[in-house]
Amino acid sequence: MIHRVLCDRSRRVLRRLNIKHTSAVFGLLQNARVDEGYIMRLLPRLPSGDSELYSHPSLDQFKHEFDALVSPKVKALVDRLGIRLIRYLDL
C-alpha cells in the first residue's frame, strides 16, 4: 500500500513537471538477480504499453545481468512476442 501511494504521488509530480517515464518498471526488487530466467518469465507477462527493466549489467560484478540482456534466447523471445525495444528518448 505504501509503495502504491508513493508511486501515485510520483506520477503526479512527473506529469506536472512534464518528465516522461514508463508506465511500469520491473526488476527493482530483484537485487542483482535479473538473469536470463527472470527475463524469459517476465516478457510474456508484460502489460500493454511501455515498460522498463531495471538492472545493473556490467562485465564484472553483474555479468549475469549483462549476459541476460544480450542472450540469443531473450532476443528470440522479444522478436517472437513482437516487443519493440526503445530508449527513453522514444517515449
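The structure displayed is predicted, hence computed values, not measured ones. Each residue is numbered by its place in its chain's sequence as written, counting from 1. Reporting of local features is limited, given that this is a predicted model, to residues whose pLDDT is at least 70; pairs of side-chain atoms are given and counted only at 80 or more, and all residues count toward the totals for whole chains, interfaces and linings. Side-chain calculation: all heavy atoms of the structure are included, whereas hydrogens and water are not.

(A) Quick peek at a positive patch on the surface. A contiguous patch of positive charge, built from R9, R12, R15 and R16, is present on the exposed surface. Each residue is assigned to one of three classes by its accessible area relative to the maximum for its type, calculated with a 1.4 Å probe on protein chains only: buried under 20%, partly exposed between the two thresholds, exposed over 50%. For R15, a relative accessible area of 58% puts it in the exposed group. For patches, a residue must show more than 30% relative accessible area and have no salt bridge; joins then use 9 Å for like charges and 5 Å for nonpolar side chains, namely Val, Leu, Ile, Met, Phe, Trp and Tyr. Only the protein chains shown count as cover for residues, and all accessible areas are computed by the Shrake-Rupley method using a 1.4 Å probe. Salt bridges are counted wherever a side-chain nitrogen of Lys or Arg sits within 4 Å of a carboxyl oxygen of Asp or Glu. Under the counting rule used here, the positive set is Lys and Arg, the negative set is Asp and Glu, and His together with the chain ends is not counted. Taken as the charge location is NZ of Lys, CZ of Arg, CG of Asp or CD of Glu.

(B) Seen up close, the nonpolar core. To define a nonpolar core, start from buried Ala, Val, Leu, Ile, Met, Phe, Trp, Tyr and Cys residues and group those joined through side-chain atoms within 4.5 Å. V34, Y38, I39, L42, L43, A68, V74, L77 and V78 form the largest nonpolar core, which has nine residues in total. Contacts are residue-level and defined by heavy atoms, with any inter-residue pair within 4.5 Å sufficient. Among residues more than four places away in sequence, those in contact with L77 are M40, L43 and P44.

(C) Representation of helix α4 (residues 72-81). Under the scheme used here, helices are H or I runs from DSSP no shorter than 4 residues and strands are E runs no shorter than 2 residues, and both carry numbers assigned from the N terminus. For α4, every residue scored as buried is listed here: V74, L77 and V78. In an axial view of α4, the angular spread of the buried residues amounts to 100°, which keeps them on one side of the axis. Pointing more than 90 degrees away from the buried face of α4 are the exposed residues P72, K73, K75 and R80. Here the buried face of α4 lies against α2 (36-42) and α3 (63-69). Two N or O atoms count as a polar contact when they lie within 3.5 Å, although within protein this holds only if one can serve as hydrogen donor and the other as acceptor, and sequence-adjacent residues are included solely when both atoms are side-chain atoms. Capping the start of α4 is the job of one residue whose side-chain oxygen sits 3.1 Å from the backbone nitrogen of K73: S71. Trailing α4 by a residue or two, G82 shows a phi angle of about 70°, which is positive. An arc is given here, and it is the one of the directions from the helix axis to the C-beta atoms.

(D) Inspection of unusual backbone geometry at higher detail. Phi at N18 is positive, roughly 60°, even though this residue is not glycine. Relative to the helices and strands, N18 resides in the loop between α1 (2-16) and β1 (24-26). Among the residues examined, N18 registers a relative accessible area of 65% and is labelled exposed. The phi dihedral of A32 is positive, around 70°, even though this residue is not glycine. Inspection of the secondary structure assignment puts A32 in the loop between β1 and α2. Owing to a relative accessible area of 24%, A32 belongs among the partly exposed residues under this scheme.

(E) How the structure looks around the pattern of salt bridges. Tallied over the entire structure, the rule returns five salt bridges. Across the pair R11 and D8 runs a salt bridge, and its minimum N-O distance is 3.3 Å. With R11 and D8 both in helix α1 and three residues apart, the pair spans about one turn of that helix. One salt bridge in this structure joins D79 and K75, with 3.0 Å as the shortest N-O distance. Within this pair, D79 and its partner K75 are both found in helix α4, separated by four residues, close to a single helical turn.

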